[in-house]
Amino acid sequence: MKKEMSVSLALLPIFAIIITGSLSVFIWGAGMHFPLIFGIIAAAIITFLCGWKWEEIQTMMVDGVSRALPAVFILLIIGTIIGSWIASGVIPTIIFYGLTIIKPEIFVPIVALVTGIVSVTLGSSFTSIATIGLAFMVIGEGLGFPAALVAGAVISGAYFGDKLSPVSDTTNVAPAMADTDLFSHVKHMLWDTIPAFAISILLFWIVSNTDAGNGITDASTINSLKQGLSEIFVIHPLLLLMPILTIVLMIKRTPAIPTLISVSLLGALLAVLVQGVSIGNIIQTMTSGFTGGSDFDAINSLLNRGGLTSMLGTIAILILATALGGILETSGAFHVLTRKMMSKVRKTSSLITSTILTTFVVAFSTGAQFLAIILPARTFVDKYKEMGIDTKNLSRAVEAAGTVGINLVPWGVPAVFAAGIFGLSPGEFIPYSFFVFLVPLVNILFSFTGWTISRKNYESTIEKGEHAA
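Residues numbered from 1 in each chain as written. Predicted model: local features only at pLDDT ≥ 70, side-chain atom pairs only at ≥ 80, totals over all residues. Heavy atoms only, no water.

## Some words on the overall build of the protein chain
Thought 1: Counting its regular elements, the protein chain contains 24 helices and zero strands.
Thought 2: The C-alpha radius of gyration computed for the protein chain amounts to 23 Å, which stays within 12% of the reference 23 Å derived for 469 residues, consistent with globular compactness.
Thought 3: Its C-alpha atoms give the protein chain principal-axis dimensions of roughly 70 × 50 × 50 Å.
Thought 4: When burial is assessed residue by residue, the protein chain has 56% of its 469 residues classed as buried.
Thought 5: Put simply, 80% of the contacts in the protein chain that link residues at least 6 apart link residues at least 24 apart. (Helix = DSSP H or I, 4+ residues; strand = E, 2+ residues; numbered from the N terminus. Rg over C-alpha atoms; globule rule 2.2 N^0.38 Å. Buried < 20%, exposed > 50% of the residue type's maximum accessible area, 1.4 Å probe, protein only. Contact = heavy atoms within 4.5 Å.)

## Examining the environment of Ile222
Thought 1: Relative to the helices and strands, Ile222 resides in helix H11 (residues 219–232).
Thought 2: Judged by relative accessible area, which is 13%, Ile222 ranks as buried.
Thought 3: Counting along the chain gives 81 residues from Ile222 to Glu141, while the straight-line C-alpha distance between them is 9.3 Å.

## Section: the layout of surface pockets
Thought 1: There is about 670 Å³ of room inside the largest pocket.
Thought 2: Of all the secondary-structure elements, those providing two or more residues to the lining of the largest pocket are helix H4 (69–87), helix H7 (125–143), helix H9 (169–178), helix H13 (256–273), helix H16 (312–330), helix H19 (369–386) and helix H21 (413–422).
Thought 3: The biggest single contributor to the lining of the largest pocket is H19, with five residues.
Thought 4: The residue inventory of the lining of the largest pocket, partitioned by class, reads 20 nonpolar, 10 polar and five charged.
Thought 5: Computed from the structure, the second largest pocket encloses a volume of approximately 340 Å³.
Thought 6: Lining the second largest pocket are 22 residues; nearest its centre among them are Ile94, Val114, Ile132, Leu240 and Pro243. (1 Å grid on protein atoms, 1.4 Å probe; cavity = no way out; pocket = protein on both sides within 12 Å on 5 of 7 lines; lining within 4 Å. Points joined across faces, edges and corners; volume = space filled by probe spheres on them. Nonpolar A, V, L, I, M, F, W, Y, C, P; charged D, E, K, R; others polar.)

## Comments concerning the side chain of Asn407
Thought 1: Along the chain, Asn407 falls in the loop between helix H20 (391–404) and H21.
Thought 2: Reaching out from Asn407, the side chain makes a polar contact with the backbone oxygen of Val404 at a distance of 2.9 Å.
Thought 3: Aside from chain neighbours lying at most four places away, what touches Asn407 is Ile155, Tyr159, Pro414, Ala415, Ile430 and Val436. (Polar contact = N/O pair within 3.5 Å; in protein donor to acceptor, adjacent residues only side chain to side chain.)

## Comments concerning the packing of aromatic side chains
Thought 1: With the rule as written, the count across this model stands at 16 aromatic pairs.
Thought 2: Here Lys2 stacks its cationic end above the ring of Trp52, 4.9 Å away from the centre of that ring.
Thought 3: For the cation-ring pair, Lys226 lies above Phe96, with the distance from its terminal atom to the ring centre recorded as 5.1 Å. (Phe/Tyr/Trp six-rings, centres within 6.5 Å; stacked < 30°, edge-to-face > 60°. Lys NZ or Arg CZ within 6 Å of the ring centre and 35° of its normal.)

## Concerning a nonpolar patch on the surface
Thought 1: Where nonpolar side chains cluster on the molecular surface, the patch consists of Ile106, Ile199, Leu202, Leu203, Trp205 and Ile206 and spans about 520 Å² of accessible area.
Thought 2: By the secondary structure assignment, Ile199 is in helix H10 (residues 182–208). (Patch = residues over 30% accessible without salt bridge, like charges linked within 9 Å, V, L, I, M, F, W, Y side chains within 5 Å. Areas by Shrake-Rupley, 256 points an atom, 1.4 Å probe, with all protein chains shown as cover. Salt bridge = Lys/Arg side-chain N within 4 Å of Asp/Glu carboxyl O.)

## Description of the nonpolar core
Thought 1: Among the nonpolar cores identified, the biggest contains 146 residues, and Ile95, Phe107, Leu303, Phe417, Ile421 and Phe422 are the most heavily contacted of them.
Thought 2: Ignoring anything within four residues of it in the chain, the contact list for Phe107 reads Ile102, Phe136, Ile139, Gly140, Leu143, Phe145 and Val150. (Core = buried A, V, L, I, M, F, W, Y, C linked by side-chain atoms within 4.5 Å.)

## Side note on the confidence of the model for the protein chain
Thought 1: The pLDDT averaged across the protein chain works out to 86; a share of 93% of its residues lies at or above 70.
Thought 2: The low-confidence segment residues 462–469 (pLDDT under 50) makes zero contacts with residues lying over four places distant or belonging to another chain. (pLDDT = per-residue confidence, 0-100.)

The structure is reproduced here in structure tokens:
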């Protein structure tokens, strides 16, 4: 006989993962794998005590993980892209010309802006971070900027684009779960995204031009970095056609996985034809990552990476997180917690704030983007309709916290992925990810002022539909 969880029981797995995750990340330095396993064990035991059989709990985990499979394939392919684009000279060419033409005084704001434009067209924050973002990291080091500051600008730009791009997975999932249409959702998000990004650009300019943030190196250091790149790679402007081709394919709405496979293989072909890499070496690079022998430490530290195997740690976290989310959703744990919260909702401000807080609860307890969007959207959609608030406000709120705000979770999949690409700990770059802080705050501000909050009479819509039938 199955029984409903109490609020205290439903909270136990979440508290367990937040406490063990904090200890593991900040004190033990052991990452997030064990805390997620600990959270799964806690959730499974509580679910079992509530009358569920082990076979049912196992099915919950399998169903949860199945949702992550497309993201798993994308992560694996991105690993091969990083390896092939470095070996082919594509990323080194971007770095070389970036060091030549970018002005140090506006470098950090330009990083956020260009990464944002690329991310809007690609529809993928992960791909943007792993390609143009990695190039900007090397350029920033060559110019003498703190790596954490440049990483914060890359992340801000990447998630600006991921949030607004019509070809982004999260941008399509949010309106679908909130029962609104894609283009109404994107248009409504302009109200919180554009102001937050504009303020972020201003903050990046201020911070990068202060004494603390401006560590511009002399021309000899930049020239040494360019020389190191030209000694290892053939640098040619035609190699810049690769990112342009990727953008064109995305604009034409070619499915993500075929597109990524294509640009990965094209990168491998260029490595063979342009850089003279053997077929065996490029396959090894796409599997295990690039390994170079430059005398310049910045080149070695930031280009010796990539490969399919480099993504396995992030994939493991994604699988564990979605398995945990499967238990918490199907067992009713999330429903118990959100029902308690919704029972106290009376005003628009409390509804939208509760939506954002609930999304952060899912984000901190699972670290998975899709769960942080799907679960709150499913839970709150009827409440928005009941209160006559357009559900595009709901989709905007879950994107604010689930797509962007989840980057504040040090053990979340997005932060762990970025940390692996940049070679930094999440605690180093999160404070500089200004856009990530601002988007949820702007939404909460709108909820209290009522500005940009759209309303809709769902009862009349239902009645019209019934008469038409």
